[in-house]
Amino acid sequence: MTRSPEDVAVGTRARALFEAQELANSRRTDRLFAWLLGIQWLLGILVAVWVSPLAWEGRWSHMHIHVWAAVLLGGVLAGFPILLALRLPGAPLTRHVIAGAQMMSSALLIHLTGGRIETHFHIFGSLAFLAFYRDGRVLLTATIVVVVDHYLRGAFWPQSVFGVAVATPWRWMEHSGWVLFEDAFLLLAIRQSLDAMRGLAERQARLEHLNANIENQVAERTAELKKENTERKRAEEALVAAHKDLLESSRLAGMAEIATNVLHNVGNVLNSVNVSAALASECIRKSDVQNLDRLAVMLREHEGDLAGFLAKDPRAAQIPVFLSRLAEHLRTSQETALKELAALDENIGHIKEIVSMQQNYAKVSGCQEVVDLAALVEDSLNLNVGAFTRHRIDVIRDFETVPPLSLDKHKVLQVLINLVRNAKYACDASENVPKTITLRVARGDGRVKISVSDNGIGIPPENLSRIFQHGFTTREEGHGFGLHSSALAVREIGGSLSVHSDGLNRGATFVLEIPIPNTQPAHD
Amino acid sequence: MPNPDADCLETPVRKERGWAILAALWAVLVIAGAGMLMAYSYTPGETGPAVPVWPATTRLPLASDGPTLVMFAHPKCPCTRASLGELETLMARVQGKVKARVVFFRPEEEGENWAETDLWRAASAIPGVEVQVDSDGREAELFEASTSGHVVLYDAAGHLLFRGGITEARGHRGDNVGRWSVTDLLRHGHASHTVTPTFGCPLQDPAPPSPAPET
């Protein structure tokens, strides 16, 4: 069965972790043994000084060789392994030398204590301590040292002295057997410990692999989120810019519509001006000035005998009638001309008024000023008054007293003009008579509500939800800017704009609501 | 052209090889030291000639109803602790079949307390064992005992049965030919060895350096 690349990677990492742990364990145990060997050395010296400080010959004494052995042999025995533990920690050589030194330390201690059976426990303790290395070969080294030492001392040396082995020949084997007995358990424990270490290394490797995967995923996801965030930010910035552009476009569109409206109204008035001027001109052109000239020529011809002419010439008899008729004609022409000139003057005054009003509202928007809303509604009507007259639309006003509000006058007027113009168009498009536009100004719920109602073409239900969308219009010449820009403008001033219609040919009502600042909802 | 990578790889190997050589030298040194210690431990003390019959001039009593065992000991010899230990074992095994006595060396000029050491007290505590002082080692000289821990065993008739030490090595307790032999003699009347080496401190003062031969 082939292993997946992931399993291979985990296996490799687990082996590396296991080996690293083994090395760390060996180094740690080396350090422990460095301490232990040092302590054992000092302990050996103490034992030698305590048990056999002096050797005697009769009444004379000198330092016992055991003290020298404890200091010198013990020092050599401990010194080199300590040096190895410090200079070559974790190396196999170090732990094998330590194993040999530890066993030889046992032998020295046993020797220094006069072969006390209790000191032999040091061997078994040392074996257990050596098992800390979790290396069966270290136990093997220790066991070999013990076996060789026992064999040489127990078998060879007494034999050389006594000629025969002091103990039974197999005594060294018995001792070695007990060591092997302990080795068996220690090897079992080492194997279990190594298995546990391997398991731990594998678990850690899997965990690391998992963590690495998670970290990668987190990094990828973070990068994605960062990218998305950047894109979102850009989109937001683009949206803000677009919104700004749209507002500006809407504002320009509104201004254009107002300008168009103004020009339309001025154009209409100019039409009247033109008619009046034409009528006055026609009137003056049609006056009987030529006949009067002919009378004057005729009278100048008879200037020498004017009396005779008046008495005898029959044409002279018609002069009074002519003059009477001429006077009548000139009076009529004068009246007509004066009437037309008066109309002309009135229309020119109207144009001035329209231009003046437009100039008044053409100021920069965004400035807050205290506004009388009823007056503002009236202004919006005045800008369309000519159209109302021409299209025979009745305007009904129903104004409650509302408090003056501080707001962007231009924006509200722009909205009102749009609403009034829409109402006018709605009435135009309808056959309903009489055509009526009703404007109401009321106060309620902490707001001022301005409604513009008409009995015109109305709005089908399916269009109600789209009426404020950008580009939506039902008029052929419309652009779909008016209501959309109105809705945006209203939102900017914190108000709302809503529409209601009972359907086609049932009229429509637009309600502009403007909050009254720092007021509780009205209970009126 | 030398390969730097190969050099880098060889360095730890060389280093470890150097340590291995040092370890081998260390092992040799340790084995040599241990060997010297073993040689010291297994080097017996001097053994004088046998005294086959209980000396007539001795003040030590000879038991008439059984064998008499005498151990000559130096009260301050650390190696003798093992001999006393083996004597204790021996006495426990033979259970009253022998009259035992430990005779402690004391220089004549020294006071009573000089010999009353822990070894004295240890010997006194062994059941069936009597303890006494051997002033200036006179009794030891009579029995030709020159090493602390030297044991002589005589039968009731004053005939020598055994002489030597009852430890395996210097200051080492444990099974040994000397103790076995004495035990066998007391139990069965015969033993494989009647003479063994004695491990311990010399009982007599060191001999003065011999004068240079006159020319």
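Remember, predicted model here, so these are calculated numbers, not experimental data. (Residues numbered from 1 in each chain as written. Chains lettered and ligands numbered in written order. Predicted model: local features only at pLDDT ≥ 70, side-chain atom pairs only at ≥ 80, totals over all residues. Heavy atoms only, no water.)

Visitor: Could you give an account of the overall build of chain A, with specific residues and numbers?
Guide: In terms of regular secondary structure, chain A is built from 14 helices and nine strands. Residue burial in chain A is summarised as follows: out of 524 residues, 41% are buried. Long-range pairs, those at least 24 residues apart, make up 73% of the contacts in chain A with a sequence separation of at least 6. (Helix = DSSP H or I, 4+ residues; strand = E, 2+ residues; numbered from the N terminus. Buried < 20%, exposed > 50% of the residue type's maximum accessible area, 1.4 Å probe, protein only. Contact = heavy atoms within 4.5 Å.)

Visitor: Explain the interface of chain A and chain B to me, using residue names and the numbers behind them.
Guide: At the junction of the two partners, chain A supplies 41 residues and chain B supplies 48 residues. Summed over both sides, the interface between chain A and chain B buries roughly 3800 Å², with carbon and sulfur atoms accounting for 72% of that surface. A salt bridge links Arg-59 of chain A to Glu-109 of chain B; its shortest N-O distance comes to 2.5 Å. On the surface where chain A and chain B come into contact, there are 10 residue pairs in polar contact (both at pLDDT 80 or more). Put simply, the parts of the chain that give the side of chain A that touches chain B at least two residues each are strand 1 (54-57), helix 2 (65-87), helix 3 (92-112) and helix 5 (136-162) of chain A. The dominant element in the side of chain A that touches chain B, judged by the number of residues it contributes, is helix 2 of chain A, at 11 residues. Residues belonging to the side of chain A that touches chain B are distributed by class as follows: 28 nonpolar, eight polar and five charged. (Buried area = accessible area lost by both parts, 1.4 Å probe. Salt bridge = Lys/Arg side-chain N within 4 Å of Asp/Glu carboxyl O. Polar contact = N/O pair within 3.5 Å; in protein donor to acceptor, adjacent residues only side chain to side chain. Nonpolar A, V, L, I, M, F, W, Y, C, P; charged D, E, K, R; others polar.)

Visitor: Tell me about the nonpolar core, and name the residues and values.
Guide: In terms of nonpolar packing, the biggest core is built from 55 residues, with Leu-127 and Leu-130 of chain A touching the most fellow members. Counting residues per element, the ones that place at least two in this core are helix 1 (5-51), helix 2, helix 3, helix 4 (121-130), helix 5 and helix 6 (171-285) of chain A together with helix 1 (4-41) of chain B. Considering each element in turn, this core owes the most residues, 11 residues, to helix 1 of chain A. Leu-130 of chain A has contacts with Phe-33, Ile-98, Ala-99, Met-103, Val-138, Leu-139 and Ala-142 of chain A, leaving out every residue within four places of it along the chain. Val-371, Leu-419, Phe-468 and Phe-472 of chain A belong to the second largest nonpolar core, which has 47 residues in total. (Core = buried A, V, L, I, M, F, W, Y, C linked by side-chain atoms within 4.5 Å.)

Visitor: Talk me through the packing of aromatic side chains; I want residue IDs and the actual numbers.
Guide: Residues and elements named next belong to chain B. By the definition in use, this model includes 15 aromatic pairs over all chains. Between Trp-54 and Tyr-154, the ring centres sit 5.1 Å apart and the planes meet at 90°, which makes this aromatic pair edge-to-face. Taken as a pair, Trp-54 in the loop between helix 1 and strand 1 (68-73) and Tyr-154 in strand 4 (residues 150-154) lie far apart in primary sequence, 100 residues in all. The residues Trp-54 and Tyr-154 share a single accessibility class, namely buried. (Phe/Tyr/Trp six-rings, centres within 6.5 Å; stacked < 30°, edge-to-face > 60°.)

Visitor: Before we move on, can you summarise helix 3 of chain A with the specific residues and values?
Guide: All names here are of chain A. Over its 21 residues, helix 3 extends 30 Å from the first C-alpha to the last, a length consistent with the 30 Å expected when each residue adds 1.5 Å. Most of helix 3 sits out of view: 19 of its 21 residues are buried. Just downstream of helix 3 lies Gly-114, where phi reads positive at about 70°. (Expected span 1.5 Å × (residues − 1).)

Visitor: For the environment of Asp-428 of chain A, give the residues involved together with the corresponding values.
Guide: Residues and elements named next belong to chain A. Position of Asp-428 among the secondary structure elements: in helix 12 (residues 409-428). Sequence separation of Asp-428 and His-391 is 37 residues, and the distance between their C-alpha atoms is 7.2 Å. Filtering out sequence-adjacent residues up to four positions away, Asp-428 remains in contact with His-391, Ile-393 and Lys-435. Reaching out from Asp-428, the side chain makes a polar contact with the side chain of His-391 at a distance of 3.2 Å.

Visitor: Explain the environment of Leu-77 of chain A to me, and be specific about the residues and the numbers.
Guide: Relative to the helices and strands, Leu-77 of chain A resides in helix 2. Taking the relative accessible area as the measure of exposure, Leu-77 of chain A reaches 3% and is therefore buried. Spatially, the C-alpha atom of Leu-77 of chain A lies 9.2 Å from that of Ile-98 of chain A, the residues being 21 residues apart in sequence. In this structure Leu-77 of chain A touches Ala-101, Met-104, Ser-105 and Leu-108 of chain A together with Trp-26 and Val-30 of chain B, once residues within four positions along its chain are discounted.

Visitor: Before we move on, could you go through the side chain of Ser-146 of chain B and cite the residues and values that matter?
Guide: All names here are of chain B. By the secondary structure assignment, Ser-146 is in the loop between helix 4 (138-142) and strand 4. Of the residues examined, Ser-146 reaches a relative accessible area of 17% and is grouped as buried. In this structure the side chain of Ser-146 is engaged in a polar contact, spanning 2.7 Å, whose partner is the backbone oxygen of Glu-46. Apart from the residues within four sequence positions on either side, Ser-146 is in contact with Glu-46, Thr-47, Gly-48, Cys-201, Pro-202, Leu-203 and Gln-204.

Visitor: Describe the confidence of the model for chain B, and please don't skip the residues or the numbers.
Guide: Residues and elements named next belong to chain B. Averaged over every residue, the pLDDT of chain B is 88; the share at 70 or more is 91%. Mean pLDDT values over the elements of chain B span from 78, in helix 1, up to 97, in strand 4. Two numbers describe this predicted complex: its pTM, 0.57, and its ipTM, 0.84. (pLDDT = per-residue confidence, 0-100.)

Visitor: Tell me about the pairing of strand 7 (residues 447-454) of chain A, and please be specific about residues and values.
Guide: Residue and element names in this part refer to chain A. With six of eight residues buried, strand 7 is to be regarded as a mostly interior element. For strand 6 (residues 435-444) and strand 7, the ladder comprises eight bridges, and the chain directions are antiparallel. By the bridge assignment, Leu-439 is partnered in strand 7 with Val-452. With antiparallel pairing between neighbouring strands as the criterion, strand 6 and strand 7 make up a hairpin whose turn holds two residues, including Asp-445 at a positive phi of roughly 55°. (Pairing = 2+ DSSP bridges.)

Visitor: Which residues make up the state of the cysteines, and what are the values?
Guide: A covalent bond between the sulfur atoms of two cysteines is what we call a disulfide. All names here are of chain B. For the structure shown, the criterion picks out one disulfide over all chains. Disulfide pairing is shown between Cys-77 and Cys-201; the S-S distance is 2.4 Å. Where Cys-77 bonds to Cys-201 through sulfur, the torsion about that S-S bond is close to 80°, and the disulfide is right-handed. Of this pair, Cys-77 sits in the loop between strand 1 and helix 2 (80-94) while Cys-201 sits in the segment after helix 5 (177-188); the two residues are 124 residues apart in sequence, bridging distant segments of the chain. (Disulfide = S-S within 2.5 Å.)

Visitor: Could you give an account of the pairing of strand 1 of chain A, naming the residues involved and the relevant values?
Guide: Residues and elements named next belong to chain A. For strand 1 and strand 2 (residues 60-63), the ladder comprises four bridges, and the chain directions are antiparallel. Bridge assignment links Ala-55 to a residue of strand 2, and that residue is His-62. If you look at the hairpin formed by strand 1 and strand 2, you'll find two residues sitting between the two strands, and Gly-58 has a positive phi there, around 65°.

Visitor: Break down the sheet that holds strand 3 (residues 129-135) of chain B for me, with residues and values.
Guide: All names here are of chain B. With respect to topology, five strands assemble into an open sheet ordered 3-2-1-4-5, the strand pairing being mixed. Among the strands making up the open sheet, the edge pair consists of strand 3 and strand 5 (160-164). This sheet shows a mean twist of 20° between the axes of neighbouring strands, independent of strand direction. With six bridges connecting them, strand 1 and strand 2 (residues 99-106) associate as parallel partners. In the strand pairing of strand 2, Phe-72 is matched with Val-103. Packed on one face of the sheet, helix 2 meets strand 1, strand 2 and strand 3 and runs near 165° to strand 1. (Axes fitted to C-alpha atoms, helices over the stretch in contact; angles between N-to-C directions.)

Visitor: Residues and numbers for helix 2 of chain B, please.
Guide: Residues and elements named next belong to chain B. The terminal C-alpha atoms of helix 2, which comprises 15 residues, lie 21 Å apart, in line with the 21 Å expected from a rise of 1.5 Å per residue. Turning to helix 2, its buried residues number three or more, namely Thr-80, Ala-82, Ser-83, Leu-84, Gly-85, Glu-86, Leu-87, Thr-89, Leu-90, Met-91 and Val-94. Close packing links the buried residues of helix 2 with strand 1, strand 2, helix 3 (118-124), strand 3 and helix 5. Just past helix 2, the residue Gln-95 takes up positive phi, approximately 45°.

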